[in-house]
Amino acid sequence: MRTELFEPDATTGELELEERHSLRRVAGLSTELTDVTEVEYRQLRLERVVLVGVWTGGSISDAENSLAELAALAETAGSQVLEGLIQRRSRPDSATFIGRGKVEELRDVVISTGADTVICDGELSPSQLRNLEQQTKVKVVDRTALILDIFAQHAKSKEGKAQVELAQLQYLLPRLRGWGDSLSRQGGGAGGGSGGGVGTRGPGETKLETDRRRINHRIAKLRREIKAMRTVRQTKRSRRVSNGVPAVAIAGYTNAGKSSLLNRLTSAGVLVEDALFATLDPTTRRTAAEDGRVFTLSDTVGFVRHLPHQIVEAFRSTLEEVSFADLVVHVVDGAHPDPEGQVAAVREVLSEVGADRIPELLVVNKTDAADEETLLRLKRTWPDAVFASARSGQGIADVHAAIAQRLPRPAVDLRVLLPYDRGDLVARIHRKGQVLDTRHTDEGTELRVRVDEQLAAELEQFRA
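Model, not experiment: these values are computed from the prediction.

*Asks:* What is the right way to look at the sheet that holds strand E3 (residues 80–88) in this model?
*Replies:* Two modes of strand pairing occur in sheets, parallel and antiparallel, and in both the strands are linked by backbone hydrogen bonds. The four strands are arranged E3-E2-E4-E5 in an open sheet whose pairing can be described as parallel. Here the strands that pair on one side only, and so sit at the sheet edges, are E3 and strand E5 (139–142). Taken pair by pair, the neighbouring strands of this sheet meet at an average axis angle of 25°, ignoring direction. In this fold helix H4 (residues 126–136) packs onto strand E4 (117–120) and E5, with an angle of close to 145° to the strand it touches most, E5.

Structure (structure tokens):
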């Protein structure tokens, strides 16, 4: 198998992991707004948290799995999980998410455990967030803010940082609050030369309104920047298409082992860490099948249950890489308690970006950590799936063979006799087509090839 790297340094992941684990200084501990990206944004690093979930449907194991995933997200963000609570309700309470009586019980748990943050397993409305904070007397964060915090920590590229900032600002805009109840607001009304009646005229535009206006301007600028980056991505993709290079996208649940699989298949040197959303920036590597056909492998951002719509919208240009692929390698964590639920969550997001019609190769990863009973169940559920372990290397050859088998094949078979001075055509055939047989004669190189229609037309004059 031949592998060609786009980046020569194969130790990038190790260096990034060392940097991520190093001691870091927390800057900007001021309540005064200095940058629009800091507006009431809740940093979750090294906090003591209590988790709260509402069980509205499904089995109790589904609710427990969701809360366990929330705990993993909190730990990835740098928090210490002290307690997890689940309440059975037909739907979340519109005022406090868990109901007025349960808020008092939650307050008692917060006091007894010494927690300083409550994380709710769902997206809270601005009123729910405000009511919970007022009654529990500690900071309250929802699932969306938690995921956005992790994305902010892990984004490295310019595009990734812009996408994360856009998602943060879209989430924060409706949740802006003043620094107290006594702040003046600009008065309205039809009377008076100053734009308001008696008792309604304020000092003008307040700081809250200024922040909202600045955030709207920043959102518009970020959207323009991401649109320009999307054009660059489309140009690169069109160049690959014109060269006839098939594209394979690796998708899957977060922490399913996508980056580990990419490293195994291409020696890419991408960061590998046992954490959710460890890698956000997509990585593309060029490699070749055993028969010499060249194709690209692209890693994508991981998915999760109830992935915030702000993330899906902001990362749409990145996720669209999957919709333009010739094959989606869907990686599943075979050692997870609910791999079927993971597959359903990933396919839901893929359908949102129009990638649900792309051919799919299901790869069950981490077979070395899964028990035999689970593997037997998954083999019955997905008989066409490939089982492998990116960590031990078991089954990687089967994955590579399955990818090669599902790659789009050129449609036209030809036998050509190329003069020895037309080495350029021989190289193009190897790059864009498939060579089935080679024989050297006195007149030139005789090849039996399988190529696309465009290249077949150019080779027509050399038919043997």
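*Asks:* Even after reading the chapter, I still don't get the packing of aromatic side chains, so can you show me in this structure?
*Replies:* What characterises a pair of aromatic rings is the spacing of the ring centres plus the angle enclosed by the ring planes. The full count for this structure, using the stated rule, is zero aromatic pairs. Above the face of the Trp55 ring, Arg88 is positioned so that its terminal group lies 4.4 Å from the ring centre. Geometry around Phe387 places Lys379 over its ring, the cationic atom sitting 5.4 Å from the centre.

*Asks:* Explanation requested: the pairing of E4 in the structure shown.
*Replies:* When a strand is regular, its side chains alternate between the sheet's two faces. Side chains Thr117 and Ile119 of E4 all project onto a buried face; the interleaved residues Val118 and Cys120 project onto the opposite face, where all are buried too. In this sheet, E4 lies alongside strand E2 (residues 48–55) in parallel orientation, the contact comprising four bridges. Across the sheet, the residue bridging to Val52 is Cys120, located in E4. Crossover E4 to E5 through H4 is right-handed.

*Asks:* I'm lost on unusual backbone geometry in this one. Help?
*Replies:* Backbone geometry follows two general trends: most residues other than glycine have a negative phi, and most peptide bonds adopt the trans configuration. One non-glycine residue, Lys137, adopts positive backbone phi at about 65°. Inspection of the secondary structure assignment puts Lys137 in the loop between H4 and E5. Assessed through its relative accessible area of 61%, Lys137 is described here as exposed. Positive phi values are uncommon outside glycine, yet Lys366 reaches one of about 65°. Note that Lys366 resides in the loop between strand E10 (360–365) and helix H12 (372–381).

*Asks:* Would you mind going over helix H11 (residues 339–352) with me for this structure?
*Replies:* Since the α-helix packs 3.6 residues into each turn, any two residues three or four apart lie on the same face. The first and last C-alpha atoms of H11 sit 20 Å apart over 14 residues, in line with the 20 Å expected at 1.5 Å per residue. Residues of H11 that are buried include every one of Pro339, Gly341, Gln342, Val343, Ala345, Val346, Val349 and Leu350, and no others. Where H11 terminates, the next one or two residues include Gly354, which has phi positive at roughly 75°.

*Asks:* Quick question: what am I supposed to make of the confidence of the model for the protein chain here?
*Replies:* Taken over all residues, the pLDDT of the protein chain has a mean of 78, while the share at 70 or more is 78%. For residues 1–8, every residue scores under 50 in pLDDT, and the model assigns this stretch 23 contacts once sequence neighbours within four places are set aside. Segment residues 21–45 is flagged for pLDDT under 50; beyond a separation of four residues in sequence, or across chains, it makes 48 contacts in the model.

*Asks:* Could you clarify how one ought to interpret the sheet that holds strand E12 (residues 412–418) in this entry?
*Replies:* Taking strand neighbours across the sheet as the criterion, the three strands line up as E12-E14-E13 in an open arrangement whose pairing is antiparallel. Two strands close off the open sheet at either side, each with one partner strand: E12 and strand E13 (434–440). Sheet twist, expressed as the average angle between the axes of neighbouring strands with direction ignored, equals 15°. In terms of strand pairing, E12 meets strand E14 (residues 445–451) through seven bridges, oriented antiparallel. Bridged to Leu418 within E14 is Thr445.

*Asks:* Can you help me understand the packing of helix H2 (residues 60–76) against helix H5 (residues 143–154) in this one?
*Replies:* Relative placement of two packed helices is described by the angle separating their axes and the distance separating the axes. Packing of H2 against H5 brings their axes to within 9 Å, and their N-to-C directions diverge by 40°. Crossing handedness for the pair H2 and H5: left-handed. Contacts between H2 and H5 pair Ser66, Glu69, Leu70, Leu73, Ala74 and Thr76 from the former with Arg143, Leu146, Ile147, Ile150, Gln153 and His154 from the latter. Across the contact of H2 with H5, the residue classes tally to six nonpolar, four polar and two charged.

*Asks:* How should I be thinking about the environment of Arg89 in this particular structure?
*Replies:* Summarising the element assignment, Arg89 is placed in the loop between E3 and helix H3 (100–113). Between the alpha carbons of Arg89 and Gly57 there is a distance of 8.5 Å; along the sequence they are 32 residues apart. If near-sequence neighbours (up to four positions away) are discounted, Arg89 is found in contact with Val54, Trp55, Thr56, Phe97, Ile98 and Gly99. A polar side-chain atom of Arg89 sits 3.1 Å from the main-chain carbonyl oxygen of Arg91.

*Asks:* I tried to follow the pairing of E5 on my own but got confused; where do I start?
*Replies:* Bridge analysis of E4 against E5 gives four bridges, and the strand direction is parallel. When the sheet's bridge partners are listed, Thr117 is paired in E5 with Lys139.

*Asks:* Help me understand the nonpolar core, please; the structure alone is not making it clear to me.
*Replies:* A general tendency of soluble globular proteins is for nonpolar side chains to be buried together. Ranked by size, the top nonpolar core spans 77 residues in total, and within it Leu261, Phe303, Val329 and Ile403 carry the most contacts. Residue contacts for Leu261: discarding those within four places in its chain leaves Val329, Val331, Val363, Ala390, Ile396 and Val399.

*Asks:* Looking at this model, I keep getting lost on the pattern of salt bridges. Mind explaining?
*Replies:* Any two side chains of opposite charge can pair, so long as their charged atoms come close to each other. Taken as a whole and judged by the stated rule, the model has 16 salt bridges. Glu47 serves as the salt-bridge partner of Lys139, at 2.7 Å between the closest nitrogen and oxygen. Here the residue Lys139 occupies a position in strand E5, and Glu47 occupies one in the loop between helix H1 (12–20) and E2, the gap between them amounting to 92 residues. Classification of Glu47 as buried rests on a relative accessible area of 11%. Put simply, Asp121 and Arg143 hold a salt bridge, and the shortest N to O gap is 2.6 Å. Of this pair, Asp121 sits in the loop between E4 and H4 while Arg143 sits in helix H5, and the two are 22 residues apart along the sequence. Given a relative accessible area of 3%, Arg143 falls into the buried group.

Cut-offs used in this document
Residues numbered from 1 in each chain as written. Predicted model: local features only at pLDDT ≥ 70, side-chain atom pairs only at ≥ 80, totals over all residues. Heavy atoms only, no water. Pairing = 2+ DSSP bridges. Helix = DSSP H or I, 4+ residues; strand = E, 2+ residues; numbered from the N terminus. Axes fitted to C-alpha atoms, helices over the stretch in contact; angles between N-to-C directions. Contact = heavy atoms within 4.5 Å. Phe/Tyr/Trp six-rings, centres within 6.5 Å; stacked < 30°, edge-to-face > 60°. Lys NZ or Arg CZ within 6 Å of the ring centre and 35° of its normal. Buried < 20%, exposed > 50% of the residue type's maximum accessible area, 1.4 Å probe, protein only. Right-handed = clockwise from strand over helix to strand, strands pointing away. Expected span 1.5 Å × (residues − 1). pLDDT = per-residue confidence, 0-100. Left-handed = near helix turned anticlockwise from the far one by under 90°. Nonpolar A, V, L, I, M, F, W, Y, C, P; charged D, E, K, R; others polar. Polar contact = N/O pair within 3.5 Å; in protein donor to acceptor, adjacent residues only side chain to side chain. Core = buried A, V, L, I, M, F, W, Y, C linked by side-chain atoms within 4.5 Å. Salt bridge = Lys/Arg side-chain N within 4 Å of Asp/Glu carboxyl O.

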